[in-house]
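# Inside the fold
So the chains spell out like this:
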Amino acid sequence: AVWITLCLGNKVGRFDPHTEQWTIFDQKEGLYPHTLRFDQKGRVWYTLAVSNHVGMIDPKTGEQRTIRLPGRTWGQAIAVRALPIILWAGKFVNLTDNAGSEGVSLPVPYGIDIAPDGGVWFSQLNIRRIGRIDPDTGTIKLVDTPFAGPRRLRFDSKGNLWIPGFSADLIARYTPRTGEFKTWKLPTDSGTGPTDTVPRDTVPRDTVPSVETPYALNVDRRTDTVWI
């Protein structure tokens, strides 16, 4: 079966290629379903990028679960919880005229992958953090990254987690067993590039230096070759 996230519709879809029928799952809590991965039990786990959640659907039982992730600050936590109200109000009132250039940086859970031990790992793009969810207890472990912009992360066959540093021009390997990071700069010409504190679209175009922005990453687990 083929699964997709319907971001703006706030739904997850399953397509059966044999019957050509769709099953649509409405998102009861959380906003903007994004990246999805499957665990060994056939459950689909996915990030909810705007509302700082991780979701789960068990197609065998129909169970749906939503787990709220911690923000780094109280301001982030309050802003994320207020988003549904702000988005609703935006249908009736123009909120952009009074919006300033500075504001709260939202966590944005982006990438997600399942470890060989069944743990569910995610990245929080804007706050230099990755984390692990215990799928049985819902317990969350948080790990700060020594680089900016952790994005679409993947595990290799040995249980190492490979992470693209979107605004850091590098790839990283995190070893959960030891808690160690190792990083490699991309072999390209680069400047300082956008950072997680200076949005690229706020900088004049002619002043932005050339930079590589490693976005998606995958690992061929037969050879543990990393593609980016």
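Scroll up a little and you will see the structure.
Residues numbered from 1 in each chain as written. Predicted model: local features only at pLDDT ≥ 70, side-chain atom pairs only at ≥ 80, totals over all residues. Heavy atoms only, no water.

### Focus: the overall build of the protein
The helix and strand inventory of the protein stands at one helix and 17 strands. Burial statistics for the protein: of 228 residues in total, 42% are counted as buried. In the protein, the proportion of contacts linking residues at least 24 apart, taken out of those at least 6 apart, comes to 39%. Working note: accessible area of the protein is about 12,700 Å², and carbon and sulfur atoms make up 54% of it. (Helix = DSSP H or I, 4+ residues; strand = E, 2+ residues; numbered from the N terminus. Buried < 20%, exposed > 50% of the residue type's maximum accessible area, 1.4 Å probe, protein only. Contact = heavy atoms within 4.5 Å. Areas by Shrake-Rupley, 256 points an atom, 1.4 Å probe, with all protein chains shown as cover.)

### Concerning the nonpolar core
Ranked by size, the top nonpolar core spans 13 residues in total, and within it Trp121, Ile130, Phe147, Leu161, Ile163 and Tyr174 carry the most contacts. The set of elements that each furnish at least two residues to this core consists of β13 (161-165) and β14 (170-175). Residue contributions to this core peak at three residues, all from β14. By size, the runner-up hydrophobic cluster in this structure holds ten residues, among which are Trp45, Ile67, Phe122 and Ile133. (Core = buried A, V, L, I, M, F, W, Y, C linked by side-chain atoms within 4.5 Å.)

### What about the pairing of strand β1 (residues 2-6)?
Across five bridges, β1 lies against strand β2 (residues 11-16) in antiparallel orientation. Looking across to β2, one finds that Val2 is bridged to Phe15. A loop of four residues connects β1 with β2, the two strands running antiparallel in sequence, and Asn10 in this loop sits at a positive phi of about 60°. (Pairing = 2+ DSSP bridges.)

### Let's talk about the sheet that holds strand β5 (residues 44-48)
On the basis of which strands lie adjacent, the open sheet formed by four strands has the order β4-β5-β6-β7 and antiparallel pairing. Each having just a single partner strand, β4 (33-38) and β7 (64-68) make up the two edges of the open sheet. Adjacent strand axes in the sheet meet at a mean angle of 20°, parallel and antiparallel pairs treated alike. Here β4 runs beside β5; their pairing, made up of four bridges, is antiparallel. Considered in β5, the bridge of Arg37 is made with Trp45. (Axes fitted to C-alpha atoms, helices over the stretch in contact; angles between N-to-C directions.)

### Describing the packing of aromatic side chains
Within the structure shown, the criterion is met by ten aromatic pairs. Both rings, one in Trp121 and one in Tyr174, keep their centres 5.9 Å apart while their planes meet at 55°; by these two values the pair is tilted. Within this pair, whereas Trp121 is found in strand β9 (residues 120-124), its partner Tyr174 is found in strand β14, the two being separated by 53 residues in sequence. Residue Trp121 is classed as buried on the basis of its relative accessible area of 2%. With a relative accessible area of 2%, Tyr174 lands in the buried category. Its guanidinium or amino end placed over the ring of Tyr110, Arg151 lies 4.1 Å from that ring's centre, counting from NZ or CZ. Over the aromatic face of Phe166 sits the side chain of Arg151, whose NZ or CZ is 4.1 Å from the ring centroid. (Phe/Tyr/Trp six-rings, centres within 6.5 Å; stacked < 30°, edge-to-face > 60°. Lys NZ or Arg CZ within 6 Å of the ring centre and 35° of its normal.)

### Notes on unusual backbone geometry
Of note, the phi angle at Asn52 is positive, near 65°, even though the residue is not glycine. The phi dihedral of Asp169 is positive, around 60°, even though this residue is not glycine. Turning to its location among the elements, Asp169 is positioned in the loop between β13 and β14. For Asp169, a relative accessible area of 2% corresponds to the buried category.

### Concerning the sheet that holds β2
Pairing in this open sheet of three strands is antiparallel, and the strands run β1-β2-β3 from one edge to the other. Single-partner strands in this sheet number two, and they are β1 and β3 (21-26). Averaged over all pairs of adjacent strands, the angle between strand axes in this sheet comes to 20°, irrespective of strand direction. Sheet topology note: the β2/β3 ladder contains six bridges and is antiparallel. Of the residues in β3, the one forming a bridge with Phe15 is Trp22.

Just distances and angles here, no functional claims.
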